[in-house]
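# Understanding the architecture of this molecule
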Amino acid sequence: MISNEAKQKLISIVGIENYDDSKAGRLVYSYDATPQFQSLPDAVIAPRNTKEVSEIVKICNEYRIPIVPRGSGTNLCAGTCPTEGGIVLIFKHMNKILEIDEENLTVTVQPGVVTLDLIKAVEAKGLFYPPDPSSMKISTIGGNINENSGGLRGLKYGVTRDYVMALEVVLANGDVIRTGGKLAKDVAGYDLTRLFVGSEGTLGIITEATLKLIPMPETKKTMLALYQDLEAAARSVSKIIANKIIPTTLEFLDQPTLEVVEAYAQIGLPTDVKAVLLIEQDGPSEVVERDMKKMAEICKEEQAVSVQVAQSEAEADALRTARRSALSALARLKPTTILEDATVPRSEIAKMVKVINEIAEKYNVKICTFGHAGDGNLHPTCPTDARDREEIERVEKAFEEIFAKAIELGGTITGEHGVGVMKAPYLEWKLGREGIAAMKAIKNALDPNNIMNPGKVFAKSTRKRVVITR
Ligand SMILES: Cc1cc2nc3c(=O)[nH]c(=O)nc-3n(C[C@H](O)[C@H](O)[C@H](O)COP(=O)(O)OP(=O)(O)OC[C@H]3O[C@@H](n4cnc5c(N)ncnc54)[C@H](O)[C@@H]3O)c2cc1C
């Protein structure tokens, strides 16, 4: 609950028009893209600048009001579900591209900038910002940084973390700090920039970010390799990398995913094969030609039934868009779609794909698998129905076993979607008790009153929350 005194102070900072505690307004921000999680905030606040964010945080710290910073709410770990009430902080006013610096190859933005808008703005100047989560049409840079998001181009170009050079952050006591800079080299003190990347809104509020840009690659080619054997597709992934080729994109879709994606996108994807690999390479044209030829050979050696090169950029773009629509397409099958992102070393991809199918069979649940195979990052996805408690129990058990297996194979419980509330119960499997204690020590030092996105990462609750608790 926000006391009337605290409410008046908050309104005096942002104005009544940027403070919404109506039932309808709160309902809109009571959930995010994660199924089965919903909880009402006490108010939704839209600050206009860093100073206002700092003043809001000071009030929240004084009155112990939880703060949930929120971009577009597309995270898949209940990271913006206000499980402990408090305020949801939105950045609709802080959505400007502040500067594109062509000499230092950087772009400086406010947190509410939509990822694709940034990508398009820099591309107009012949520059390239590689992180491209499939949600990039709506996700924000603030969300991308806080989840350390990846995308189709992650294999060659890395993830969001690799492009964050400097941050402006409002700490839990309202202090404003600046980390990093437009610097190729900087070893002055702890690397606080990296600490905030992937911190899921639990350590501070990012109010500005300077991101690294690179020159646009000269050319790009795209191909599809089709397989009648899932493991042969997975083996091709390991073999391409073992042959010292790092393609831009190396994505995997299994047959059930292909079927629904084709029904959704209708671009003529083959649906009578067990799996496809979507492969792309970019760079100087002679390198692209050489790598594509070699990768096609490898796929054929590994029993690809066919290798098809896209004949135009429009065709290539349709393939990429189809892959990016996999989650939306699968979401049409059943009322609830549970998508996970267990990740293993690339060399273990074949084993992991096989295990996922065995686990699905064991628990009698449908699991469709697609993902960033080149990163070892798979998205086993279960179309289900949250109202069928018996089936949901089986789905939970199946995913628990998938996480356990991923860790056994040297992997992790989440490659890019974050921990949030959803995966908090499993974090200790990955980090151990001592690892959790080290993280808690950082959290306590920066946010002693636990106002920054409480209940996330260290949450005690299980995944089984379907209620409006407030
Ligand atoms: C269809 C679909 C496809 C997706 N594809 C991908 C993919 O390919 N790769 C991938 O990595 N993810 C993917 N995601 C997950 C999601 O889109 C990403 O995690 C994305 O970065 C979230 O951005 P957002 O703006 O929606 O952030 P939100 O979901 O609003 O927030 C994400 C986290 O960031 C925190 N946060 C937001 N802004 C700030 C701020 N200014 N300061 C501090 N904390 C803040 C929030 O508290 C929360 O913890 C996908 C999701 C969907 C629905």
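Residues numbered from 1 in each chain as written. Predicted model: local features only at pLDDT ≥ 70, side-chain atom pairs only at ≥ 80, totals over all residues. Heavy atoms only, no water.

As annotated in an unreviewed UniProt entry, the protein carries the name Glycolate oxidase and is attributed to Paranoxybacillus vitaminiphilus. Per its UniProt entry, the protein bears the Cofactor (unreviewed entry) comment "FAD". What UniProt records for the protein under Sequence similarities (unreviewed entry) is the sentence "Belongs to the FAD-binding oxidoreductase/transferase type 4 family." (UniProt positions renumbered as here; feature names shortened; annotations may be inferred.)

## Observations regarding helix α8 (residues 230-242)
The periodicity of an α-helix, 3.6 residues per turn, causes residues three or four positions apart to be oriented the same way. Spanning 13 residues, α8 covers 19 Å between terminal C-alpha atoms, matching the ideal 18 Å at 1.5 Å per step. Looking at α8, one finds that the buried residues are Leu 230, Ala 232, Ala 233, Ala 234, Ser 236, Val 237, Ile 240 and Ile 241. Those residues of α8 hidden inside the fold are in contact with α6 (154-157), β12 (219-227), β13 (249-254), β14 (275-283), α10 (285-301) and α13 (349-362). The N-cap of α8, judged by a side-chain oxygen 3.0 Å from the amide nitrogen of Glu 231 a few residues on, is Asp 229. The first or second residue beyond α8 is Lys 244, which carries a positive phi of 65°. (Helix = DSSP H or I, 4+ residues; strand = E, 2+ residues; numbered from the N terminus. Expected span 1.5 Å × (residues − 1). Buried < 20%, exposed > 50% of the residue type's maximum accessible area, 1.4 Å probe, protein only. Contact = heavy atoms within 4.5 Å. Polar contact = N/O pair within 3.5 Å; in protein donor to acceptor, adjacent residues only side chain to side chain.)

## Some details on the nonpolar core
Counting residues in each nonpolar core, the largest one holds 54 residues, and the members touching the most others are Phe 252, Leu 277 and Met 352. Of all elements in the fold, only β12, α8, β13, β14, α10, α13, β18 (377-384) and α14 (389-408) reach the threshold of two or more residues within this core. A total of eight residues in this core trace back to one element, the largest contributor, which is α13. Composition of this core by domain shows at least three residues from each of domain 1 (4-90) and domain 3 (219-408). (Core = buried A, V, L, I, M, F, W, Y, C linked by side-chain atoms within 4.5 Å. Domains from an automatic or database assignment.)

## Focus on the site of the ligand
By nearness alone, 33 residues border the ligand, and Pro 69, Thr 74, Ser 135, Thr 140 and Ser 149 come closest of all. In this structure, an oxygen atom belonging to the ligand sits 2.7 Å away from a main-chain N or O atom of Gly 73. Those elements giving two or more residues to the shell around the ligand turn out to be β3 (67-70), α5 (141-147) and β10 (204-212). For the shell around the ligand, the element with the highest residue contribution is α5, accounting for five residues. Its residues assigned to classes, the shell around the ligand comprises eight nonpolar, 21 polar and four charged. Built from parts of two domains, the shell around the ligand gets at least three residues from each of domain 1 (4-90) and domain 2 (97-215). (Near = heavy atom within 4 Å. Nonpolar A, V, L, I, M, F, W, Y, C, P; charged D, E, K, R; others polar.)

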